[in-house]
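Single-letter residue listing:
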2 protein chains.
Amino acid sequence: MEEMMITYSIGEVAEKFNLSLPTIRYYDKEGLIPNLRKNDAGVRRFTQENLGSLQMIECLKNAGMPIRDIKQFMQWTLEGNASLEKRYKMFQELRVNVLKQMEAMQNTLNTIDFKCKYYGQATSDGTEKYVKEDMHLEIS
Amino acid sequence: MEEMMITYSIGEVAEKFNLSLPTIRYYDKEGLIPNLRKNDAGVRRFTQENLGSLQMIECLKNAGMPIRDIKQFMQWTLEGNASLEKRYKMFQELRVNVLKQMEAMQNTLNTIDFKCKYYGQATSDGTEKYVKEDMHLEIS
DNA sequence: TTATAACTTAAAGTTAACTTTATGTAGTAC
DNA sequence: GTACTACATAAAGTTAACTTTAAGTTATAA
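The present account deals with the structure reproduced in this document. (Residues numbered from 1 in each chain as written. Chains lettered and ligands numbered in written order. Predicted model: local features only at pLDDT ≥ 70, side-chain atom pairs only at ≥ 80, totals over all residues. Heavy atoms only, no water.)

## Structural notes on the protein's contact with DNA strand C
Piece 1. With respect to spatial proximity, 18 residues lie near DNA strand C, and among them Ser9(A), Arg25(A), Lys38(A), Arg44(A) and Thr23(B) are the closest.
Piece 2. Considering DNA strand C, the proportion of its atoms within 4 Å of the protein that are sugar or phosphate atoms stands at 82%.
Piece 3. Within the contact set of DNA strand C, a phosphate oxygen lies 2.7 Å away from a side-chain nitrogen or oxygen of Arg44(A).
Piece 4. One nitrogen or oxygen atom from the main chain of Ile67(B) is found 3.3 Å from a phosphate oxygen belonging to DNA strand C.
Piece 5. Sorting the residues of the surface near DNA strand C by element identifies α1 (10-17) of chain A together with α2 (21-29) and α4 (67-78) of chain B as the ones contributing at least two each.
Piece 6. Residue contributions to the surface near DNA strand C peak at four residues, all from α2(B).
Piece 7. For the surface near DNA strand C, the residue count by class is eight nonpolar, five polar and five charged. (Near = heavy atom within 4 Å. Polar contact = N/O pair within 3.5 Å; in protein donor to acceptor, adjacent residues only side chain to side chain. Helix = DSSP H or I, 4+ residues; strand = E, 2+ residues; numbered from the N terminus. Nonpolar A, V, L, I, M, F, W, Y, C, P; charged D, E, K, R; others polar.)

See below:
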C-alpha cells in the first residue's frame, strides 16, 4: 500500500521560497532538510514536512544562526522527544539573542534618523556649516 | 604654529571600540577612516574626528552596509558640500532598508516566541505529540 | 529521433571581512 | 646595551555561504 501525498520539485520550491536551485541542493547536502527523499529517477520530491524545514531555515537564518547550528537543530528533530529540552533551550537562547539584535537595530535606526534630519537641513542650506555648528558635533 | 589636540593610539582605540588592531588597520587601509594621520615615527594617531568615523562605521555595519559602501560614504565626506545630496539620499535609503530589516526581525521573533511556547509545552509533556496535535502544524 | 527542459553530481571558484604570519622599527626600563 | 612593549608593513590564510562549471540522465514534445 503506497502512501499518496502531494510533493514538489526543486524548481517549484525554489520559486516558492525565492531561493536558487544550487542553494537548496546545498542545504540538502549539508543535512538541513531532514527526510527529503528522491524518486526512482533520483529526483528530489519535497513534502509539506520538507517545506516546513525550509520555512524554519529561513527563520533561523534571519535570526543570524549559522548553517552548522541550523543543521544541529535539524538533526535534533530526527532524534525525536529525546532532544526536546535541547531544542527548547536553543529557542530560548535564540530569543534573547534576537531581542539584543533588535535593540541594536533600534539604536542604529535612531542614529540614521538623526543623520536624515542632519543631511536634510544641510542639503537645504547647501552646506553642513550651520547644522554642524548647531550641534557641536563632528561625527562625519 | 602647531595645533595641539588630544589623540589616541590604535591600542587605545581598539579597547574603546572593542575592535582588534588588525581590523582597525584594515579599515584604514580600505579608506574607511578619512584624515587619519601618522606621527613622525609612522604611528597612527586618532583624533576625535577619526573616532567619529569609527562610530559611524559601527552604525553602518550594524545597518548591514558592506565595507565598500561605507568607504564610498567616507570618500563623499571628503568631497565636502558637493556630496551632501548623495549622502542625504544614502541615509534615506538606508533608513527604509533598516525598517524592513526590523520588520523581518519582528516576524522572526514572533516565530521564535511561538516555538518557545511549543517546546515549553512539549518539554513538560515529555513529547511533541499533544502540542503538535493541538495546532495541526508540522513545521519541525 | 532529436531537441528541449528539468533535473542530477562532484569539484572548483567566488566574495566579504577579517586574521595570521613574518619581519622590522621606535621608545622606554633596567 | 639589552629586553620589552607597542607599534608598523606586506602577503598569505581563513571561513561562511553560496555559485559556477562540466558532464551526465530522464521525460516529454515535435
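## Considering the protein's contact with DNA strand D
Piece 1. Residues in contact with DNA strand D amount to 18 residues; listed here are only the nearest, Ser20(A), Thr23(A), Ser9(B), Lys38(B) and Arg44(B).
Piece 2. Restricting attention to atoms of DNA strand D within 4 Å of the protein, one finds that 86% of them are sugar or phosphate atoms.
Piece 3. For DNA strand D, a phosphate oxygen lies 3.3 Å from a polar atom in the backbone of Ile67(A).
Piece 4. When contributions to the surface near DNA strand D are tallied by element, the ones reaching two or more residues are α2 (21-29) and α4 (67-78) of chain A together with α1 (10-17) of chain B.
Piece 5. At four residues, α2(A) tops the list of elements feeding residues into the surface near DNA strand D.
Piece 6. Within the surface near DNA strand D, the residues separate by chemical class into eight nonpolar, five polar and five charged.

## A look at the relation of the copies chain B and chain A
Piece 1. Mapping chain B onto chain A is achieved by rotating through 180° and translating by 0.0 Å along the same axis, at an RMSD of 0.1 Å. Such a combination of turn and shift is consistent with a two-fold rotation axis. Within chain B, the C-alpha atom positioned nearest to the axis of rotation is that of Met102(B), 3.4 Å from it.
Piece 2. The residues that chain B uses at the interface reappear at the interface of chain A in 100% of cases, marking a shared surface. (Least-squares fit on C-alpha atoms with pLDDT ≥ 70 in both. Contact = heavy atoms within 4.5 Å.)

Keep in mind that these numbers describe shape and distance, not what the molecule does.
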